[in-house]
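# Geometric and topological summary
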Amino acid sequence: MIRKLKTSVMAALCCTVIGGGLAGCDGDAVENWDPFAAATQKADADLISGTKKIDVAGQSVNVSCSGDPAQGAPVIILMHGAGDGLDKMAAVQKTLSEKNRVCSYDRLGSGASGKPEGAQSLDSTGKVLTGVLDRVAGDAPVVLAGHSLGGLIAARYAPDHQDRVKGVVLMDATSPTMLGDIKKAIPESAKGPAAEMRAQNLAVFEGQNPEMLVITDGEVRSAGNIPVEVIQHGQQYLAAIPEYGPSLEKAWAAGQRKWLALSSDSKLSTAAKSGHHVYVDQPDIAVKAIQRVTSQAANAR
């Protein structure tokens, strides 16, 4: 039982710290189905409806869009964590699409999208995001709502695209200094399962993940005064890991506070009953935050 517990905690840590382990994380509260897959696509190819594979710089990217564009309202873009895919966010997308146009996509190496041709960087995965936005949003403004690694990518992307990104929601986003946080929380001298945790997570950051994405630490740059909401998990299960858990939880919480520097109009909240997958454990909290930011962004135009 102890060995099984340690293995389970390791898998959770790999998924939680960076949003997905080497082989990905399935989660346990959302069905893997896409309610929009059977939607009828409109004749206008510029307005994607349902699930479709599009070409982005010669790469196949799987996207899903639903809901009608509201006058003056930004298009909501959902961004999954590592090891997940757009299917994981289908339920939230369905709810949000009742009042807004909402799109999600599988990053290269995830879900039904093609595999990357080589190592990716935050810059190159950002270029794919730009290609997706060109197809699903056109010239319309967007609100990026990212979970875990998807949140980190959204937060790194927004400062350089302030003409397009008018709001951001980060759902337990990977810390901007997570690589250093792991090294500090679990020292190189660690033994046993802790040492294995450390090695696995560092390998993921070095690009040994399905997306072949090299994830680097960096300062949080400002995206101006756009509305930003940061939601952190409230169930501190990492603290249960002997010796190193409390340090990991403290580093994770500090990382959420660092993301507040993304905007002069940012706020932090806690999903008290949620683990890492906030939008699964407490979807109402995620939905309301995204709706608030979208409404604020629309009113600011």
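None of the values given here were measured: they were computed from a predicted structure. (Residues numbered from 1 in each chain as written. Predicted model: local features only at pLDDT ≥ 70, side-chain atom pairs only at ≥ 80, totals over all residues. Heavy atoms only, no water.)

Glancing now at the overall build of the chain. Looking only at helices and strands, the chain has nine helices and eight strands in total. Residues classed as buried in the chain amount to 52% of the 301 residues present. A fraction of 77% describes how many contacts in the chain between residues 6 or more apart in sequence connect residues 24 or more apart. (Helix = DSSP H or I, 4+ residues; strand = E, 2+ residues; numbered from the N terminus. Buried < 20%, exposed > 50% of the residue type's maximum accessible area, 1.4 Å probe, protein only. Contact = heavy atoms within 4.5 Å.)

So, about unusual backbone geometry. Even without being a glycine, A57 presents a positive backbone phi close to 50 degrees. Counting through the fold element by element, A57 comes out in the loop between β1 (50-56) and β2 (59-66). The class of A57 is exposed, set by a relative accessible area of 80%. For D172, which is not glycine, the phi dihedral falls at a positive 50 degrees.

Moving on, we come to helix α9 (residues 283-299). With 17 residues, α9 should cover 24 Å at 1.5 Å per step; its first-to-last C-alpha distance of 24 Å lies within 8% of that length. Among the residues of α9, A286, V287, A289, I290, V293, T294 and A297 are the ones counted as buried. Looking straight down α9, one finds its buried side chains confined to an arc of 165 degrees; they lie on one side. Counted as exposed and oriented over 90 degrees from the buried face of α9: D284 and N299. Against β3 (75-79), α2 (90-96), β5 (142-147), β6 (165-171), β7 (227-233) and α8 (278-281) lie the buried residues of α9. (Expected span 1.5 Å × (residues − 1). Arc of directions from axis to C-beta.)

In globular proteins that are soluble, nonpolar side chains generally tend to be buried together. V61, I77, V136 and L144 are the most contacted members of the largest nonpolar core, which has 47 residues in total. If we skip the residues at most four places from it in the chain, I77 touches C103, Y105, L133, V136, V142, V143, L144 and A145. (Core = buried A, V, L, I, M, F, W, Y, C linked by side-chain atoms within 4.5 Å.)

Counting buried residues along β3, five of its five residues qualify, which places the element largely inside the surrounding structure. Burial of β3 is two-sided: the residues V75, I77 and M79 facing one way and the residues I76 and L78 facing the other way are all buried. For β3 and strand β4 (residues 102-105), the ladder comprises three bridges, and the chain directions are parallel. Each residue of the ladder has a partner; that of L78, found in β4, is S104. (Pairing = 2+ DSSP bridges.)

Moving on to helix α7 (residues 245-258). An ideal rise of 1.5 Å per residue puts 20 Å on 14 residues; α7 measures up with 20 Å between its terminal C-alpha atoms. Listed as buried for α7 are G245, L248, E249, A251, W252, G255 and Q256. Buried residues of α7, seen end-on, are gathered within an arc of 165 degrees and therefore sit on one face of the element.

This brings us to the state of the cysteines. Across all of its chains, the model carries one disulfide by this definition. Here C65 is linked by a disulfide to C103, with a sulfur-sulfur distance of 2.1 Å. Between C65 and C103, the disulfide has an S-S torsion of 115 degrees and is therefore right-handed. Within this pair, whereas C65 is found in strand β2, its partner C103 is found in strand β4, the two being separated by 38 residues in sequence. (Disulfide = S-S within 2.5 Å.)

The next point concerns the packing of helix α5 (residues 178-185) against α7. α7 packs onto α5 with a crossing angle of 160 degrees between their chain directions and a minimal axis gap of 9 Å. Compared by their axis directions, α5 and α7 come out roughly antiparallel. The two elements α5 and α7 cross, and the hand of that crossing is right-handed. Here α5 contributes M178, D181 and A185 to the contact with α7, which in turn contributes S247, L248, A251, W252 and K258. In terms of residue class, the contact of α5 with α7 is built from five nonpolar, one polar and two charged. (Axes fitted to C-alpha atoms, helices over the stretch in contact; angles between N-to-C directions. Parallel < 35°, antiparallel > 145°, perpendicular 65-115°, else oblique. Left-handed = near helix turned anticlockwise from the far one by under 90°. Nonpolar A, V, L, I, M, F, W, Y, C, P; charged D, E, K, R; others polar.)

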